Amino acid sequence: MKSNIYNWFFLILRRDLLIASRRSSTYITPLIFFLIVISFFPIALSPDQEFLRSLAPGVIWIAALLSSLLAIETIFSEDFRDGTLDEFFISNDPSFVLVFAKVLCHWLVTGFPILIASIISSLILYLPFNSLMPMICSLILGTFFMSLLGAIGAALSLGKSAILSAIIVLPFSIPTLLMGTAAVASAIDYQDYSGFLLIMGAMLAIGIPGLCLLTVEAILLNYE
Amino acid sequence: MLPKLKVSNLSCTRAGNLLFNNLNFEVNAGQNIEIIGSNGSGKTTLLRILLGLIHIGKGDMEWLDNKDNYNQFRDMECFYQGHSLGIKNLLSAEENLRLSSFSFGVSEEKIHSSLDRVGIERHSALASELSVGQKKRISIARWLLKDFGIYFIDEPFSALDDEASNLIEEIIEELNKKGASFVITGHRPSNVVSSQINLDHEV
């Protein structure tokens, strides 16, 4: 039977989610890391409410970026080592689907827990209630974009040092960081934040096809 | 009958070393090719060139006597098993079969009968609880999922006891009768009926 793209997509997603669910560290580590980083700020700087509120957008976003990249290099390295990637590349189905399924799975197991943790951290940092919505929206868009970026880093650093992918990716996360913090900060000041979210959405819309295709090429560099 | 795969004048140089030069062979339906060579003689490289995973070989590869058919053929008919078996430790034996990229359209009964055939008793046991030899048996069970045309197997006989080696020989013979061909590698000739290519002597 000829396989079609949807079958492929769900096969990869099902398999990766099943493996992730059996290795609890994949989704617990980013969550705990995020909460620990956030809770250091009131301890180290000052518990002052106004002060923390002004820091909150930046702090939450930096913590989210770092924790979403915490285990990014594993996204392809295991499949590369155990030969599963070879099997994908022998079958002639579009590798784009493979990359997108893997990125989506990575986002579901790291980005999604971070979203939940960000709600808790908004209490720790006295973030006003009206900025909760833009924070969650910008984090959904931003962490998914980070997973896409991270996939390229992971593909380029296949078989090399684990920290390399984070070093490749972090400089490119600056636009996401700027837009994300600006959206939350404007909401705190009761200003219109929709423009920032629209730009993040546009970045994601270009990023999904563009970065996935680049990632395929980056993986193929290892097959030469 | 046309050969399934015809290789002519295939050469490969890697990192300045000539691995093999002017290889010529044909893979016919129901016949096997065994690639013999010491470590580093280019056995795995040859398999990966044939499969189109790497593109460093010079020469001609014709599939079903039709160069244009190559990609489609690879998609429909080829099975590849590398050194690392593609078995996930955190999946059970049956899940490893069910969620493999070779398992589209394969029924549950087929999955279980394949595992029974290779002697895996606990189908729901995680692969991490199994020994290396048993993992190898799971990977052999995947050969039986569908009727593939050519099987490319990298060192099928390593890390196996006599019983498992006999099992592989039996399965290869069985699949040969259905018209499938095997291209296998090894350090020394096995008991499988095949024509042999010795890479140590080719250079």
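Here, the structure is the one placed above.
Source: prediction; values computed, not measured.

About the criteria used
Residues numbered from 1 in each chain as written. Chains lettered and ligands numbered in written order. Predicted model: local features only at pLDDT ≥ 70, side-chain atom pairs only at ≥ 80, totals over all residues. Heavy atoms only, no water. Helix = DSSP H or I, 4+ residues; strand = E, 2+ residues; numbered from the N terminus. Rg over C-alpha atoms; globule rule 2.2 N^0.38 Å. Contact = heavy atoms within 4.5 Å. Areas by Shrake-Rupley, 256 points an atom, 1.4 Å probe, with all protein chains shown as cover. Buried < 20%, exposed > 50% of the residue type's maximum accessible area, 1.4 Å probe, protein only. Lys, Arg positive; Asp, Glu negative; His and termini not counted. Charge placed at Lys NZ, Arg CZ, Asp CG, Glu CD. Polar contact = N/O pair within 3.5 Å; in protein donor to acceptor, adjacent residues only side chain to side chain. Buried area = accessible area lost by both parts, 1.4 Å probe. Salt bridge = Lys/Arg side-chain N within 4 Å of Asp/Glu carboxyl O. Nonpolar A, V, L, I, M, F, W, Y, C, P; charged D, E, K, R; others polar. Pairing = 2+ DSSP bridges. Axes fitted to C-alpha atoms, helices over the stretch in contact; angles between N-to-C directions. Patch = residues over 30% accessible without salt bridge, like charges linked within 9 Å, V, L, I, M, F, W, Y side chains within 5 Å. Expected span 1.5 Å × (residues − 1). Core = buried A, V, L, I, M, F, W, Y, C linked by side-chain atoms within 4.5 Å. Phe/Tyr/Trp six-rings, centres within 6.5 Å; stacked < 30°, edge-to-face > 60°.

Please clarify how the overall build of chain A should be interpreted in this entry.
Within chain A, the secondary structure is distributed over ten helices and zero strands. Written out in order from the N terminus, the α and β elements of chain A read α-α-α-α-α-α-α-α-α-α. Here the C-alpha atoms of chain A give a radius of gyration of 18 Å, agreeing with the 17 Å that 2.2 N^0.38 yields for 224 residues. In terms of overall dimensions, chain A has a C-alpha envelope of 60 × 30 × 30 Å along the principal axes. Contacts in chain A between residues far apart in sequence, at least 24 positions, make up 81% of those at least 6 positions apart. A total accessible area of about 9,900 Å² is found for chain A, and carbon and sulfur atoms account for 74% of it.

When you look at the overall build of chain B in this model, what are you seeing that I'm missing?
In terms of helices and strands, chain B carries seven helices and eight strands. A globule of 203 residues ought to have a C-alpha radius of gyration of about 17 Å, and chain B, at 17 Å, matches this closely. Overall size of chain B, expressed as C-alpha extent along the three principal axes, is 45 × 35 × 30 Å. Residue burial in chain B is summarised as follows: out of 203 residues, 56% are buried. Considering only contacts in chain B between residues 6 or more positions apart, those separated by 24 or more positions represent 71%. With the model as given, the accessible surface of chain B reaches about 9,000 Å², and the carbon-plus-sulfur share is 44%. For chain B, the separation between the mean place of its 21 positive charges and that of its 27 negative charges on side chains is 5 Å.

Can you help me understand the environment of B:Asp161 in this one?
Residue and element names in this part refer to chain B. Relative to the helices and strands, Asp161 resides in the loop between β6 (150-153) and α6 (162-177). Residue class for Asp161 comes out partly exposed when judged on its relative accessible area of 45%. Separated by 28 residues in sequence, Asp161 and Gly133 place their C-alpha atoms 7.8 Å apart. Polar side-chain contacts of Asp161 include one of 2.9 Å to the backbone nitrogen of Ala164.

What is the right way to look at the interface of chain A and chain B in this model?
A common way to express how large an interface is: the accessible area buried when the components associate. The interface is formed by 28 residues belonging to chain A together with 30 residues belonging to chain B. Considering only the surface of chain A that becomes buried against chain B, A:Arg22, A:Glu87 and A:Ile90 emerge as the three largest contributors, covering 27% of it. A:Arg22 is the salt-bridge partner of B:Glu95, the closest N and O atoms lying 2.8 Å from each other. In this assembly, chain A and chain B are joined by eight residue pairs in polar contact (both at pLDDT 80 or more). Listed by contribution, the elements that provide at least two residues to the side of chain A that touches chain B are α1 (5-22), α4 (74-81) and α5 (84-90) of chain A. Residue composition of the side of chain A that touches chain B, by class: nine nonpolar, six polar and 13 charged.

Explanation requested: the sheet that holds strand β4 (residues 57-63) of chain B in the structure shown.
Backbone-to-backbone hydrogen bonds join strands into a sheet, with any given pair of strands oriented parallel or antiparallel. Residue and element names in this part refer to chain B. Across the sheet, which stays open at both edges, the three strands sit in the order β2-β1-β4 with antiparallel pairing between neighbours. Of all strands in the sheet, those with a lone pairing partner are β2 (17-27) and β4, marking the two edges. Adjacent strand axes in the sheet meet at a mean angle of 10° when their direction is disregarded. Bridge analysis of strand β1 (residues 5-14) against β4 gives six bridges, and the strand direction is antiparallel. Within β4, the residue paired with Val7 across the bridge is Met61.

In this structure, what is going on with a nonpolar patch on the surface? I would like to understand it.
Residue and element names in this part refer to chain A. A cluster of nonpolar side chains, namely Tyr27, Ile28, Ile32, Ile36, Phe40 and Ile43, defines an oily patch on the protein surface of about 580 Å² accessible area. Structurally, Ile43 can be placed in helix α2 (residues 25-44). The exposed category is assigned to Ile43, whose relative accessible area is 68%.

Is there a simple way to think about helix α10 (residues 194-220) of chain A in this case?
Residues lying three or four places apart along an α-helix face the same way, a consequence of the helix completing one turn every 3.6 residues. All names here are of chain A. In this model, α10 (27 residues) spans 38 Å end to end at C-alpha, consistent with the 39 Å of a helix rising 1.5 Å per residue. Within the sequence span of α10, burial applies to Leu197, Met200, Met203, Leu204, Gly207, Leu211, Cys212, Thr215, Val216, Ala218 and Ile219. Looking at the buried side of α10, the elements it contacts are α3 (49-68), α4, α5, α6 (95-124), α7 (132-156) and α9 (174-188).

Which parts of the structure should I look at to understand the nonpolar core?
Side chains of nonpolar character tend, in soluble globular proteins, to be buried together. A:Phe76, B:Phe20 and B:Phe152 are the most contacted members of the largest nonpolar core, which totals 89 residues. The contact partners of B:Phe152, leaving out residues within four places of it in the chain, are B:Leu5, B:Leu47, B:Leu50, B:Leu51, B:Trp63, B:Cys78, B:Phe79, B:Tyr80, B:Gln81 and B:Val183. B:Tyr151, B:Ile168, B:Ile172 and B:Leu175 belong to the second largest nonpolar core, which has 34 residues in total.

Quick question: what am I supposed to make of the sheet that holds strand β3 (residues 32-36) of chain B here?
Residue and element names in this part refer to chain B. Across the sheet, five strands lie side by side as β5-β6-β7-β3-β8; this open sheet has parallel pairing. Bordering the open sheet on either side are β5 (78-81) and β8 (195-198), each of which pairs with just one other strand. Each strand axis lies, on average, 15° off the axis of its neighbour in the sheet, ignoring direction. Inspection of the sheet shows β3 paired to β8 by four bridges, in the parallel sense. Bridge pairing in β8 links Glu34 to Gln196.

Mind showing me how you'd approach the environment of A:Thr181 here?
Tracing the sequence through the fold places A:Thr181 in helix α9. Placed 119 residues apart in sequence, A:Thr181 and A:Ile62 show a C-alpha to C-alpha distance of 9.1 Å.

How should I be thinking about the packing of aromatic side chains in this particular structure?
When we look at a pair of aromatic rings, we describe it by the centre distance and by the angle of the planes. Residues and elements named next belong to chain A. Considering all chains together, one arrives at 14 aromatic pairs over all chains under this definition. Taking the centre distance of 5.3 Å and the plane angle of 75° together, the rings of Phe9 and Phe10 count as edge-to-face. When the ring of Phe100 is compared with that of Phe144, the centres are 6.3 Å apart and the planes differ by 55°; the resulting orientation is tilted. Highlighted residues: Phe100 in helix α6 and Phe144 in helix α7, separated in sequence by 44 residues. A single burial state applies to Phe100 and to Phe144, both of which are buried.

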